[in-house]
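Per-entry structural report
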Amino acid sequence: MFFPILFALADAKADREIAKRLKNREQDALGQLYDRYGRLVYSIIFRIVKNSAVAEDLVQETFLRVWNRVQGFDEEKGALGPWVLTVARNRAIDYLRSIDGRMSQSMYELSGNESPEMFGNLEKDMLNSDRARVLHEAFKKLNENQKTVIELAYFEGLSQTEMAEKMNQPLGTVKTWVRTALQALRNELGEALTA
Amino acid sequence: MMCEELKEMYELYAMGVSGDPERNEIAAHLARGCDACTHGVKLALQTVSFLGSIAPMVDPPARLRARVLAIAASQPKSNRFWNWQQAWMAAAAALTLLSLGLWNQLIGIDRSLDEARQQILAMTESQEKDRATIQRARGALSFLNQPETRLVTSSGSTIELPPKARVFVNRRSGVLLMAGNLPKLGPGKIYEMWLIPKGGAPVPAGLFQPDETGTAMHIRPGEMDVAATAAVAISVEPESGSTAPTTTPILVMGL
Ligand SMILES: [Zn+2]
């Protein structure tokens, strides 16, 4: 199976170059950014909103936001791909929440989590492309319930309480699935999060 | 709470789905520059971003690239104030929520949506709040545009719904009113909109008739002093209009 994400993340040098040129307001840098991440961004958003016209709009908003905020991005130590993907996912979740009336929570919570500063200055002992591959493999190893809760969190933006309602399961059970799923993903990444 | 107790929640926090009290706790740690939590959340944000690779890959339409590039092309003219096209779009969709009798107008709305897309492009950071409204509008539109969506009417039985209205104000472009469930008026009567200044008498802001479903959109174009305006009101008047309200307003919307 071919993972475009790996391809896109593999070339950290190209990302640095693109980020630098975006900060210089070079228009074709935006084209390059789109060529690297556009398909992924579209796929993630489409998976969330399940509507191609809406997805197109949100892709545009994603790149608009990146373009508008790139001055705060550290091209030397920043992780451009993860930032772009986060902005994309958040646009789509914001959209979902806005149409079912969960707006107030998301506006506050998601926007703080996508400032470019949060994607900078992070020492890593693994390349992003390796981490993405490991994570993808680790996800496939989860059991069905664990996969479901991770998908509900990531693609639907549901809290554990909301998941429990949707899955018609006790909250404690859902919390266990979430905790063990995240633990498994972390373990596979070899990062026990002991900062 | 200690960082140690929070670290299992970093990924959920990164996805914006953590519950209280952990969410507030983590936010507080980040706000005071806690190294452990900042590092943990940064790492979690990256980890979580890779979950995007679970999504089945779908090819975007080829035109999307050009739309994205248009962002950069349109940028120097940024900071445009949000305009009535967006307001109309939001208004149009919100109106459908007030009254679902607008099915036939949707084709027209959809067309203006295309034009509005180009305007959305030009929006900058300060305008993102407005975008939330537009997103909601788009949600309603996409709902209405789905072929399986059906208009349900209560045939035979009439339900009296109270009049509702929303008002958009813009210091450069004026006032946009959207109203629903307006009672049908007798012959020779019309609705009149009023701007009520703080500590002043109501100023006429135009006449309008709702459609058969009781919905109406009305604009009073031109500049307005938003800060000096206390409210927007609607009253029933003789069809030639009045210079001061002659009946008690049926709706008053404070600004
Ligand atoms: Zn901490």
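Observations regarding the environment of B:Leu182
Residues and elements named next belong to chain B. Tracing the sequence through the fold places Leu182 in the loop between β2 (174-180) and β3 (189-197). Remark: the alpha-carbon pair of Leu182 and Thr215, spanning 33 residues in sequence, is separated by 6.4 Å. Leaving out residues up to four positions away in the same chain, Leu182 has contacts with Pro163, Tyr191, Phe208, Pro210, Gly214, Ala216, Ile250 and Leu251.

Topic: the coordination of the zinc ion
Residue and element names in this part refer to chain B. The zinc ion binds to the protein through Cys3 (SG), His29 (ND1), Cys34 (SG) and Cys37 (SG); the donor distances cover 2.0 to 2.3 Å. Here the zinc ion binds four donor atoms, and the angle range of 95 to 118 degrees at the metal identifies the geometry as tetrahedral. Look at Cys3 and you get partly exposed, because its relative accessible area is 23%. Exposure remark for Cys37: the relative accessible area of 0% places this residue in the buried category.

Regarding the pairing of β3(B)
Residue and element names in this part refer to chain B. In this sheet, strand β6 (residues 229-238) lies alongside β3 in antiparallel orientation, the contact comprising nine bridges. Paired with Tyr191 across the bridge in β6 is Val236. Looking at chain direction, β3 and strand β4 (residues 203-208) are connected through four bridges and run antiparallel. Paired with Glu192 across the two strands is Leu207, which belongs to β4. In this antiparallel pair of consecutive strands, β3 and β4, the connection spans five residues, and Gly199 shows a positive phi of 65 degrees.

Considerations on helix α10 (residues 171-189) of chain A
For an α-helix, the turn length of 3.6 residues means that residues three or four places apart are oriented alike. For α10(A), with 19 residues, the first-to-last C-alpha span of 27 Å sits near the 27 Å given by 1.5 Å per residue. Taken residue by residue, α10(A) has A:Val174, A:Trp177, A:Val178, A:Ala181, A:Leu182, A:Leu185, A:Arg186 and A:Leu189 as its buried positions. What you see down the axis of α10(A) is that its buried residues fit within an arc of 155 degrees, all on one side. In the core, the buried residues of α10(A) are packed alongside α7 (128-141), α8 (144-156) and α9 (160-167) of chain A together with α2 (10-14) and α4 (35-50) of chain B.

Here's the deal with the sheet that holds β2(B)
Residues and elements named next belong to chain B. Spatially, three strands are ordered β1-β2-β5 in an open sheet, and the strand pairing comes out antiparallel. Each edge of the open sheet carries a strand with a single partner, namely β1 (164-170) and β5 (216-221). Across this sheet, the average inter-strand angle for adjacent strands is 10 degrees, counted without regard to direction. One ladder, built from six bridges, connects β2 with β5; its direction is antiparallel. By the bridge assignment, Met178 is partnered in β5 with Met217.

Here we look at the confidence of the model for chain A
For chain A, per-residue confidence averages 85 on the pLDDT scale, and 82% of positions sit at 70 or higher. No element of chain A has a lower mean pLDDT than helix α6 (residues 103-112) of chain A, at 54, and none a higher one than α8(A), at 96.

Cut-offs and rules
- Residues numbered from 1 in each chain as written.
- Chains lettered and ligands numbered in written order.
- Predicted model: local features only at pLDDT ≥ 70, side-chain atom pairs only at ≥ 80, totals over all residues.
- Heavy atoms only, no water.
- Helix = DSSP H or I, 4+ residues; strand = E, 2+ residues; numbered from the N terminus.
- Contact = heavy atoms within 4.5 Å.
- Donors = N, O, S within 2.8 Å, 3.2 Å for Na, K, Ca; no water.
- Tetrahedral: all angles 85-135°; square planar, octahedral: opposite > 155°, others 65-115°.
- Buried < 20%, exposed > 50% of the residue type's maximum accessible area, 1.4 Å probe, protein only.
- Pairing = 2+ DSSP bridges.
- Expected span 1.5 Å × (residues − 1).
- Arc of directions from axis to C-beta.
- Axes fitted to C-alpha atoms, helices over the stretch in contact; angles between N-to-C directions.
- pLDDT = per-residue confidence, 0-100.

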